[in-house]
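Summary of the model geometry
So you can see what is in the structure, the chains are spelled out below.
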Amino acid sequence: LYDPATNRWEQQDPPEGVPAGCFDDPPIEDAACIIPFGGRGSPFPTPLNRPTIQHGYQKIAYDGLRGHFVAGLDSGTWAFDEVQGWQLLTQELPPSFHDPRALMLFDPGVGTVIWMPLASASETSYRFDYESLKWVIHGTFPYYQGLGYADVYTAYDPGRGRHLVSSDTTLWWYDAVRGQW
């Protein structure tokens, strides 16, 4: 976890290690093994009930209303905070979860996280409904105008109430409340 006051990264959980045999060919079948390719993680939690993932930078967002991070991973939708650690919210997976090209962002006006499956050949975006613990359709995104199958980044502008969303070929303003690009 990054602490901007001290400009330091702190490890929040002690490492569990990877069991011997995880990198054998073929690897042993163990829930603690990490699949080390393609940006994927294990579909199973680790023995200490934590998710595993590589390339999660676009699949995790901080939910400022609830004070925790939300992660859409192969093993489900997770929350993380310093007190409770990792908590599995639901085993329901956000659409197109297997590809690292996705974008999760938090919008304070919508009051939850929004998921854009950038590798799904679909323009549909989803939001996480905490009451039902399900991903529901939120709106659309410009998949065919430069955001599809791209590495996408975002920053929120609270003064405008909009997200600045960029890829290597395009730049967009996104108003999640109105669903406008």
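Definitions and cut-offs
Residues numbered from 1 in each chain as written. Predicted model: local features only at pLDDT ≥ 70, side-chain atom pairs only at ≥ 80, totals over all residues. Heavy atoms only, no water. Helix = DSSP H or I, 4+ residues; strand = E, 2+ residues; numbered from the N terminus. Salt bridge = Lys/Arg side-chain N within 4 Å of Asp/Glu carboxyl O. Buried < 20%, exposed > 50% of the residue type's maximum accessible area, 1.4 Å probe, protein only. Pairing = 2+ DSSP bridges. Phe/Tyr/Trp six-rings, centres within 6.5 Å; stacked < 30°, edge-to-face > 60°.

**Brief notes about unusual backbone geometry**
With a phi angle near 55°, Asn7 is a residue other than glycine that sits in the positive phi range. Along the chain, Asn7 turns up in the loop between strand 1 (2-3) and strand 2 (8-9). We note that Leu133 has phi near 55°; this positive angle belongs to a residue other than glycine.

**Concerning the pattern of salt bridges**
Overall, the coordinates contain four salt bridges when judged by the stated rule. Here Arg66 and Asp63 are joined by a salt bridge, their closest N and O atoms 2.8 Å apart. A salt bridge links Arg178 to Asp175; the nearest nitrogen and oxygen atoms lie 2.7 Å apart. Accessibility expressed as a relative area gives 61% for Arg178, which makes it exposed.

**What about the pairing of strand 5 (residues 76-81)?**
Counting buried positions along strand 5 gives six out of six residues, so the element sits mostly inside the fold. One ladder, built from five bridges, connects strand 4 (residues 68-73) with strand 5; its direction is antiparallel. Residue Val70 lies in a different strand from strand 5, and its bridge partner there is Ala79. In sequence, strand 4 turns back onto strand 5 through a hairpin of two residues. For strand 5 and strand 6 (residues 85-90), the ladder comprises five bridges, and the chain directions are antiparallel. Within strand 6, the position partnered with Thr77 by the bridge is Thr90. Once strand 5 ends, the chain turns through three residues before running back antiparallel as strand 6.

**Focus on the packing of aromatic side chains**
If you walk through the whole model with that rule in mind, you get 10 aromatic pairs. Their ring planes at 85° and their centres at 6.1 Å tell us that Trp78 and Trp86 sit as a pair that is edge-to-face. Looking at Trp78, the relative accessible area reads 0%, which means it is buried. With 5.1 Å between their ring centres and 90° between their planes, Phe128 and Tyr130 make a pair best called edge-to-face.

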